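Structural features, examined
Take a look at the letters that make up each chain.
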Amino acid sequence: MYDSSSPFAQIRPPGAEPKTAFALKRLRRAVIECELRPDAECSEPELAKRFGLGRAAVRTALTTLAAEGLVAVEPRRGWRVAPLTGALIGDVIRARKAVEPGLADLRLSPAAVAGLMALTRMGVALQGREDRQALVTLRATDRQILDQLASQAGGLVGGWLDQVWNQADRITAFFDLAGRHHQPIGREPLITALAAGDAAAARREIAAAIASFQDFATDALFSLSSSLDVAGSAGRQRQTRPTARMARPDRPQQQGDIT
């Protein structure tokens, strides 16, 4: 099922929607997928030229992304993409543990369950495959499932989930650059539990997914060498160095202890 709200959905040409909305989608995608690298400096004129966007639309988009914690303004210097640190990874994990378990109490309509199960079957077909395209599609499918659940939650909770999952996707994309690839766990047991109204089982599945991401992020963080150089569109670009700021995230709690 195609979910146009997914950040991985194909973005339409600028003429198909307001320029400000297109600019926001394009720049958000560039940050989440690490096309704009963590801790990179950027200016409004540079971004406008690079992505073919208007200056005013870029400024509006960056203001929104700053509110989402993806970029920060630097007085008299422009903008900086938010760095990826151990502290941020820990914050993302804690936020997921605090908010995601609430999805276990959702009551899904038969139509919603049918759509979600179709997505989970697609995910099952992709699990375990090692080719890059399969992994990208699996992650996009997993995010579509999560986005549909967040839309069911709605309100502030849906917005919080979208932002924390964007940060989690950015962490995953960054470690891809280092050759460490995260494969989401299957969501079929979660949707089955939600369809049956079994909140306890749903919470266990949510906890397992968070623990899987935490184990991956922690191991990947401490597998980095003293510097990470990754080929970019303009040649070799220096990447974030693990520093004292990249403290080890808290170790995973037992599933029953997640709050």
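See above for the structure.
Remember, it's a predicted structure, so these values are computed and weren't measured experimentally.

What follows is about the environment of Thr63. One can find Thr63 in helix α3 (residues 55-67). Assessed through its relative accessible area of 47%, Thr63 is described here as partly exposed. Spatially, the C-alpha atom of Thr63 lies 9.5 Å from that of Leu24, the residues being 39 residues apart in sequence. From its side chain, Thr63 meets the backbone oxygen of Arg59 in a polar contact 3.0 Å long.

This paragraph deals with the pattern of salt bridges. Applying the stated rule across the entire model yields 18 salt bridges. A salt bridge links Arg96 to Glu100, with the nearest nitrogen and oxygen atoms 2.4 Å apart. Residue Glu100 is classed as buried on the basis of its relative accessible area, which comes to 1%. A salt bridge links Asp176 to Arg139, with the shortest nitrogen-to-oxygen separation between them at 2.6 Å. Here Asp176, found in helix α7 (residues 155-177), pairs with Arg139, found in helix α6 (residues 132-153); they are 37 residues apart in sequence, far enough to count as distant. Note on accessibility: Asp176 and Arg139 belong to one class, buried.

Turning our eyes to something else, we now look at the sheet that holds strand β3 (residues 78-81). With antiparallel pairing, three strands are arranged side by side in an open sheet as β1-β3-β2. Looking along the sheet, the strands with just one partner apiece sit at the ends: β1 (41-42) and β2 (71-74). Here β1 runs beside β3; their pairing, made up of two bridges, is antiparallel. Of the residues in β3, the one forming a bridge with Cys42 is Trp79.

Reading the values: rules and limits
- Every chain begins its residue count from 1, and numbering advances along the sequence as written.
- Owing to the predicted nature of the model, reporting of local features is limited to residues with pLDDT of at least 70; listing and counting of side-chain atom pairs is limited to 80 or more, with chain, interface and lining totals taken over all residues.
- Only hydrogens and water are set aside; all other atoms, that is, all heavy atoms of the structure, feed into the side-chain values.
- Secondary structure elements are taken from DSSP: a helix is a run of H or I of four residues or more, a strand is a run of E of two residues or more, and numbering for both begins at the N terminus.
- Remark: exposure states derive from per-residue accessible area (1.4 Å probe, protein chains only) relative to the maximum for the residue type, with buried under 20%, exposed over 50%, and partly exposed in between.
- As used in this structure description, the phrase polar contact means that two N or O atoms lie within 3.5 Å; if the pair is within protein, one of them must be able to donate a hydrogen and the other to accept it, and residues adjacent in sequence are counted only when both atoms belong to side chains.
- In what follows, salt bridge is the name for a side-chain nitrogen of Lys or Arg lying within 4 Å of a carboxyl oxygen of Asp or Glu.
- Pairs of strands are assigned from DSSP output, requiring at least two bridges between the strands.

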